[in-house]
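Summary of the model geometry
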Amino acid sequence: MAFTMDIHLPKRSVSQKEPKAQETILDIFFTNTTAPTLLRSFLPGVISISVTNCIVQSYTYFLTGTAEFFLFAVMSFDRYIAICHPLHYNVIMCKKVCIQFICGVLIGSFISVSPPLILFMRLTFCFNLINHFFCDIGPLLMNSCTETQSVQLLSLVNTSVLFFSLIVTVISYISIMVAILRIKSKDGRDKAFSTCSSHAIVVALVFGSCMLMYVRPVDGNILDSNKKLSILNTVIVPLINPYVYTLRNKLVKESLKQALNRTLNRSK
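Since this is a predicted model, take the numbers as computed values, not measurements. (Residues numbered from 1 in each chain as written. Predicted model: local features only at pLDDT ≥ 70, side-chain atom pairs only at ≥ 80, totals over all residues. Heavy atoms only, no water.)

A word on the overall build of the protein. Per the secondary structure count, the protein includes 9 helices and 0 strands. Ordered by position from N to C terminus, the α and β elements of the protein give α-α-α-α-α-α-α-α-α. Residues counted as buried form 39% of the 268 residues belonging to the protein. Excluding contacts between residues fewer than 6 apart, the proportion of contacts in the protein whose partners are at least 24 apart in sequence is 77%. Carbon and sulfur atoms provide 69% of the accessible area of the protein, an area that totals close to 15,800 Å². (Helix = DSSP H or I, 4+ residues; strand = E, 2+ residues; numbered from the N terminus. Buried < 20%, exposed > 50% of the residue type's maximum accessible area, 1.4 Å probe, protein only. Contact = heavy atoms within 4.5 Å. Areas by Shrake-Rupley, 256 points an atom, 1.4 Å probe, with all protein chains shown as cover.)

Next up, the structure:
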């Protein structure tokens, strides 16, 4: 008797789609945190923002960004269970577990971001002009007149915590790739790859841009390049997220093909 390894992905219930819904909400808050000041930067003159609003913007930016990093690890684990253990998926990723994961993401991001903010609020600044289109941590620390080593140390600790979520994501996708390569049927491999490819693209863009921005010492030359990377991280990636996730939907693909065919027929 011979057995062939194939894949049958489980159907997800509404509760099991909660991490994806939370990512959408985080994307909205993350983009709306920086988009207003970015749009105002195209207007002539200097953008003015109060110190309180600047701190709130910086805190919201890092809070939602950290929560999204943790959520990427949760979603990669979700895809690992769906592909490597499909028969146990509905048991492992039940509603209770999904809610616990979401609460853990929110609490963990709050605990991670709040201590640096408390120290940051005690700083005094020598200049009232920052070289950025929003209140990022690097330009603000460059303008500080007081000692910033404690803030930088806590930021380094937070970065190591975020690296833990990256390690979880990488390990999950390595396990997924090993499981996909063991699938003998081409249809099974294509189905499994389409399940995780969209999420892997988004994770690579977000982690790559953030590592280039924050895992480096702060100086003037790097701040200039960080402004360009910030546009990728705060605008472009959240903008393409809906397209990346929906293009793997068969109904969306068929609708796009029909619209393209109608456009080509009209042009003829």
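To continue, consider the state of the cysteines. Taken as a whole and judged by the stated rule, the model has 1 disulfide. The residue that forms a disulfide with Cys 54 is Cys 135, at a sulfur-sulfur distance of 2.0 Å. Because the sign of the S-S torsion sets the handedness, a value of about -125° for the bond joining Cys 54 and Cys 135 places this disulfide among the left-handed ones. Taken together, the positions of Cys 54 in helix H2 (residues 51–84) and Cys 135 in the loop between helix H4 (95–120) and helix H5 (137–142) put the pair 81 residues apart, joining distant regions of the chain. You can call Cys 54 buried: its relative accessible area is 10%. We note that Cys 94 lacks a disulfide partner, and the nearest cysteine sulfur, in Cys 98, lies 6.9 Å from it. (Disulfide = S-S within 2.5 Å.)

Turning to the packing of H2 against H4, a few remarks are in order. For the pair H2 and H4, interaxial distance at closest approach is 9 Å and the crossing angle is 145°. Crossing angle aside, the handedness with which H2 passes H4 is right-handed. Here Ile 55, Tyr 59, Phe 62, Leu 63, Thr 66, Ala 67, Phe 70, Leu 71, Val 74 and Phe 77 of H2 come into contact with H4, specifically with Phe 101, Val 105, Gly 108, Ser 109, Phe 110, Ser 112, Val 113, Ser 114, Leu 117 and Phe 120. When grouped by side-chain class, the residues that make up the contact of H2 with H4 number 15 nonpolar, 5 polar and no charged. (Axes fitted to C-alpha atoms, helices over the stretch in contact; angles between N-to-C directions. Left-handed = near helix turned anticlockwise from the far one by under 90°. Nonpolar A, V, L, I, M, F, W, Y, C, P; charged D, E, K, R; others polar.)

Take the nonpolar core next. Ranked by internal contacts, the top residues of the largest apolar core, which has 17 residues, are Phe 69, Leu 71, Phe 72, Val 105, Val 206 and Phe 207. Of all the secondary structure elements, the ones that give two or more residues to this core are H2, helix H6 (149–182) and helix H7 (186–214). What Phe 69 contacts, discounting residues up to four positions off in sequence, is Leu 162, Ser 165, Val 206, Phe 207 and Cys 210. Core analysis: the next-biggest nonpolar cluster, separate from the first, contains 12 residues, Ile 55, Tyr 59, Leu 123 and Cys 135 among them. (Core = buried A, V, L, I, M, F, W, Y, C linked by side-chain atoms within 4.5 Å.)

The final tally for this structure, using the stated rule, is 7 aromatic pairs. Between the aromatic rings of Phe 72 and Phe 207, the centroid separation amounts to 6.1 Å while the plane-to-plane angle is 45°, which identifies the pairing as tilted. One end of the pair, Phe 72, is in helix H2; the other, Phe 207, is in helix H7, and 135 residues separate them in sequence. Of the two residues examined, Phe 72 and Phe 207, each falls in the buried class. Judged by centre distance (6.3 Å) and plane angle (35°), the rings of Phe 77 and Tyr 80 are tilted. (Phe/Tyr/Trp six-rings, centres within 6.5 Å; stacked < 30°, edge-to-face > 60°.)

Attention now goes to the side chain of Ser 172. Among the structural elements, Ser 172 can be located in helix H6. Owing to a relative accessible area of 6%, Ser 172 belongs among the buried residues under this scheme. Separated by 2.8 Å, the side chain of Ser 172 and the backbone oxygen of Val 168 make a polar contact. Not counting the four nearest positions on each side in its chain, Ser 172 is found in contact with Ser 76, Phe 77 and Tyr 80. (Polar contact = N/O pair within 3.5 Å; in protein donor to acceptor, adjacent residues only side chain to side chain.)

Inspection of the secondary structure assignment puts Leu 212 in helix H7. Distance from Leu 212 to Leu 229, taken between C-alpha atoms, is 7.9 Å for residues 17 residues apart in sequence.

Relative to the 50 Å expected for 34 residues at 1.5 Å per residue, H6 spans 49 Å between its end C-alpha atoms, a close match to the ideal helical length. Inspection of H6 places Val 151, Asn 158, Thr 159, Leu 162, Ser 165, Leu 166, Thr 169, Ser 172, Tyr 173, Ile 176, Ala 179 and Ile 180 among the buried residues, and these make up the whole buried set. Buried residues along H6 sit against H2, H4, H5 and H7. (Expected span 1.5 Å × (residues − 1).)

Packing of H6 against H7 brings their axes to within 11 Å, and their N-to-C directions diverge by 155°. Classed by the angle they form, the pair H6 and H7 counts as roughly antiparallel. Two packed elements cross with a definite hand, and for H6 against H7 that hand is left-handed. Two secondary-structure elements touch here, H6 through Leu 162, Phe 163, Ser 165, Leu 166, Thr 169, Tyr 173, Ile 176 and Ile 180 and H7 through Arg 189, Ala 192, Phe 193, Cys 196, His 199, Ala 200, Val 203, Phe 207 and Met 211. Looking at the contact of H6 with H7 residue by residue, the classes come out as 13 nonpolar, 3 polar and 1 charged. (Parallel < 35°, antiparallel > 145°, perpendicular 65-115°, else oblique.)

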